[in-house]
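One-letter residues, chain by chain:
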Amino acid sequence: ERKQWRRELYLPIFGENEMDDILAEMRQSFESIIPDMPYIGESSFHLQWFIPNSEKLAEYLIAENYGVTKKEFSNLHLTQASKDLFTEYTEAQLIAIGKMQFGFNTELFMRSAALWSQFRVYPDDYIFRFRKGDGVDFDWGLDYTQCANVILYDKYNARDLLLPMVCTMDDLAGSAMRTGYHRTMQIATHDPMCDLRWKLQE
């Protein structure tokens, strides 16, 4: 299923004749970067995003060889992500998923995860603190001071791919799910932290 998804994603850029060879190159590229991926444990909730983001990096390293720019690559993925969101879910389902990001259980989980990160069990893991909101600007937030995506992308001189592709994905999902997601800083652009904030929309 993922192979077909990738084929459809990249087909407009590469064409049918080269597609199978390029997909094979992309798989090999991902295998080659696995040793460079920061180890963040086997049960981190970040894995659901970190692994796909690592795959995107591997695929970009191949696409770049065929003349695809970072802007073209990131726009391609953002456009596809938007289509996927509204194809897989109805508007009501997206809003319901968004509401699940609020409440006692979410706060307890995020507080615990943030506290655990401070122990730096895995040196290159995500490190962040929980922030209780005022209910006006935001309900709750996370201040990240270390990002595994940045650590990996830096190794391949691709940090400037993070903001337009990876970070903007958060804004896209937040808007679709009406979670009031916003931030004013991001490590990807050399700010000291990513100040992620959520505000339940009425």
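How each quantity is defined
Residues numbered from 1 in each chain as written. Predicted model: local features only at pLDDT ≥ 70, side-chain atom pairs only at ≥ 80, totals over all residues. Heavy atoms only, no water. Salt bridge = Lys/Arg side-chain N within 4 Å of Asp/Glu carboxyl O. Helix = DSSP H or I, 4+ residues; strand = E, 2+ residues; numbered from the N terminus. Buried < 20%, exposed > 50% of the residue type's maximum accessible area, 1.4 Å probe, protein only. 1 Å grid on protein atoms, 1.4 Å probe; cavity = no way out; pocket = protein on both sides within 12 Å on 5 of 7 lines; lining within 4 Å. Points joined across faces, edges and corners; volume = space filled by probe spheres on them.

Caption draft 1: Structural view of the pattern of salt bridges. All chains considered together, the criterion is met by 13 salt bridges. One salt bridge in this structure joins Glu-55 and Arg-6, with 3.0 Å as the shortest N-O distance. With a gap of 49 residues between them, Glu-55 in helix H3 (residues 47-65) and Arg-6 in helix H1 (residues 2-14) connect regions that are remote in the sequence. Across the pair, Arg-6 and Glu-55 agree in class, each one buried. Residue Asp-143 pairs with Arg-131 through a salt bridge whose shortest N-O separation is 2.8 Å. Taken together, the residues span a long stretch of sequence, with Asp-143 in strand S2 (residues 140-146) and Arg-131 in strand S1 (residues 127-132) at a distance of twelve residues. What makes Asp-143 buried here is its relative accessible area of 7%. Judged by its relative accessible area of 35%, Arg-131 falls in the partly exposed class.

Caption draft 2: Inspection of empty space enclosed by the protein at higher detail. If you walk through the whole model with that rule in mind, you get one cavity of 30 Å³ or more. Taken as a whole, the largest cavity encloses approximately 40 Å³ of empty space. Taken together, Trp-116, Ser-117, Arg-120, Val-121, Tyr-122, Asp-125, Tyr-126 and Ile-127 form the lining of the largest cavity.

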